[in-house]
Amino acid sequence: MASDDIIQNILSGKLQRPELLSAVTCSGAHVGRPMPVYNPATGEVLCTVPMLNAEEAGGRIDLASKAWQAWKVWSASARAALLHRFADLINANQEDLAHIMTAEQGKVLAEARGEVAHGARYVRWYAEEARRVYGEVLPREQAGRRFFVVREPIGVCAAITPWNFPCSTVLRKIAPALAAGCTVLVKPASQTPLSALVLAVLAREAGLPHGVLQVLPGPSAELGPLLSSHPQIRCLSFTGSTAVGKELMRACATTVKRLSLELGGHAPFIVFDDADLDAAVQGVLACKFRNSGQTCVCANRLLVQEKVLADFMGRLMQAVQQLQVGNGFAPGMDLGPLIDETAICKVEDHITDALARGAELVCGGVRLAGEGHFFAPTVLTRATADMLVAREETFGPVLPVFSFQNEAQAIHMANSTAYGLAAYFYSRDVNRIQRVAEALAFGMVGINTGRMSSEAAPFGGIKESGFGREGSRHGMDEYLEIKSICMGGLE
């Protein structure tokens, strides 16, 4: 069966432009090593894509290096215009991109549409930031000399992206790199290569020159070491686990690369006794159960002040029990499947450990019968600090609930983690809001909201959640070098 027929069969003819996908897939008879892409909602193979080995990827790096020589001298306005065309194409093909994402990743279609739109906003933002890479003329410090400071593209960049947000994470990395004048090699997660490949097709339609943006599907064990050690790659941006991030840091040290890491998180979600409890419940739902809990910034620990614990839990349980779990293409679904069997097993291990240590299961706790990797939304009460759910990122629809007595205890519990990506709290006391926001040791803090990502704001963490920022004007800095120029003989 031809690849476009496979895709049409899986997606029931819902793609408006099936040629976008058939251009990047291959049948099992493809020369080379075909890599299967699975639908986590059904377990069946969607299609296959050609998988690169290290030698083939090395040739792509050479191509990117050659393409950079021409791309880096494009004017800022020309790069901006191209990125605006790219954003237009992403928006015009939002439905196809969303359907492809739901098919390969599993998230519900409404979430997939939102992710595509969110990613396009990053492209639009950096199209304008391309025009704002300003230099400096320093005040004259002695007669006959002047200093100038310019910011130049760093060179060939690599981006290693995760499976949980296969569209927006790619765009959040490549948009500032392209705007700065860098060429980019994207290594997408093996579970979800289709979104990145199709985005590259749209970038070429927008007019991006050959070799400026390339997607490298293939095994991380082969391509990761190559991208992190190759001397022609001057910058690597990675989103993924802390363990892998540490390995990449060691590998990048051999060539002293610029490195940007967005790693694991263990976000606390704090509900104080003066909070709007109904708003806090909605915040928990948006923060914890989006993408079936498979987000690095989702709430991993719910901390509720004892005075309102019973009231809040009653409201929360009523809301959680109404969540619908099923195929992301089915109408009315709130949660789709987990990405694979490994994810299911980790969720089960965390629940088993918590129950053995005294937690109480108040809802969920089981995988759902039938095909696919579906798991019921789960809430655990009486959680304690010795449980795995208190120390490790679950990456699934499991919410452990802790209680606290006062503000100081809440802050201590929230900060008692090696991670420092995101934190959330609900309160209506303006003085408390200021105190707690400053006391939380996290790179991002959400106050009275469960979602806080924006192209205009810096995204990133501290401690073992990584360093570097994506989004905002600061996101451009990851892809620029500063050069100081001294001009003498001006007497």
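In the block above lies the structure referred to throughout.
Source: prediction; values computed, not measured.

Q: For this particular structure, what's the right way to read the packing of helix α5 (residues 94-105) against helix α6 (residues 109-129)?
A: Each pair of packed helices can be summarised by the angle the axes make with each other and by the distance between the axes. The geometry of α5 relative to α6 is characterised by a closest axis approach of 8 Å and an angle of 125° between their N-to-C directions. In terms of their interaxial angle, α5 and α6 are classed as oblique. As for the relative orientation of α5 and α6, their crossing is right-handed in sense. Here α5 contributes Gln 94, Glu 95, Leu 97, Ala 98, His 99, Met 101 and Thr 102 to the contact with α6, which in turn contributes Leu 109, Ala 112, Arg 113, Glu 115, Val 116 and Ala 117. When grouped by side-chain class, the residues that make up the contact of α5 with α6 number seven nonpolar, three polar and three charged.

Q: Which parts of the structure should I look at to understand the packing of α5 against helix α8 (residues 194-205)?
A: It is the contact of α5 with α8, at a shortest axis distance of 9 Å, that shows an interaxial angle of 160°. Our classification of the angle between α5 and α8 gives roughly antiparallel. Where α5 approaches α8, its residues Leu 97, Ile 100, Met 101 and Glu 104 are matched on the opposing element by Leu 194, Ser 195, Val 198, Leu 199 and Leu 202. Class assignment for the residues of the contact of α5 with α8 results in seven nonpolar, one polar and one charged.

Q: Honestly, the sheet that holds strand β13 (residues 378-381) in this entry has me stumped. Any pointers?
A: Across a sheet, paired strands are connected by hydrogen bonds in the backbone, their directions being either parallel or antiparallel. The strand order β12-β13-β14-β11-β10-β16-β17 describes an open sheet built from seven strands, whose pairing is mixed. Looking at the sheet topology across the chains shown, the edges are occupied by β12 (360-363) and β17 (444-447). Taking each pair of neighbouring strands and ignoring which way they run, the sheet shows an average axis angle of 25°. In the sheet, strand β10 (residues 267-271) pairs with strand β16 (residues 422-426) via three bridges, with the strands oriented parallel. Following the sheet pairing, Phe 269 is matched in β16 by Tyr 424.

Q: What should I look at first to understand the state of the cysteines in this one?
A: Each disulfide consists of a covalent bond between the sulfur atoms of two cysteine residues. Inspection of every chain in the model, using the stated rule, returns zero disulfides. Unpaired in terms of disulfides, Cys 345 finds its nearest cysteine sulfur in Cys 298, a separation of 19 Å.

Q: In this structure, what is going on with the sheet that holds strand β19 (residues 466-467)? I would like to understand it.
A: Spatially, β7-β6-β5-β8-β9-β19 is the arrangement adopted by the six strands of the open sheet, whose pairing is mixed. The open sheet has two free edges, formed respectively by β7 (213-215) and β19, since each of these has just one partner strand. Pairing of strand β8 (residues 233-239) with strand β9 (residues 258-262) involves five bridges; the strand directions are parallel. For Phe 238, the partnering residue across the bridge sits in β9 and is Leu 261. Packed on one face of the sheet, helix α7 (residues 168-180) meets β5 (156-160), β6 (183-187), β7, β8 and β9 and runs near 165° to β6.

Conventions used here
Residues numbered from 1 in each chain as written. Predicted model: local features only at pLDDT ≥ 70, side-chain atom pairs only at ≥ 80, totals over all residues. Heavy atoms only, no water. Axes fitted to C-alpha atoms, helices over the stretch in contact; angles between N-to-C directions. Helix = DSSP H or I, 4+ residues; strand = E, 2+ residues; numbered from the N terminus. Parallel < 35°, antiparallel > 145°, perpendicular 65-115°, else oblique. Left-handed = near helix turned anticlockwise from the far one by under 90°. Contact = heavy atoms within 4.5 Å. Nonpolar A, V, L, I, M, F, W, Y, C, P; charged D, E, K, R; others polar. Pairing = 2+ DSSP bridges. Disulfide = S-S within 2.5 Å.

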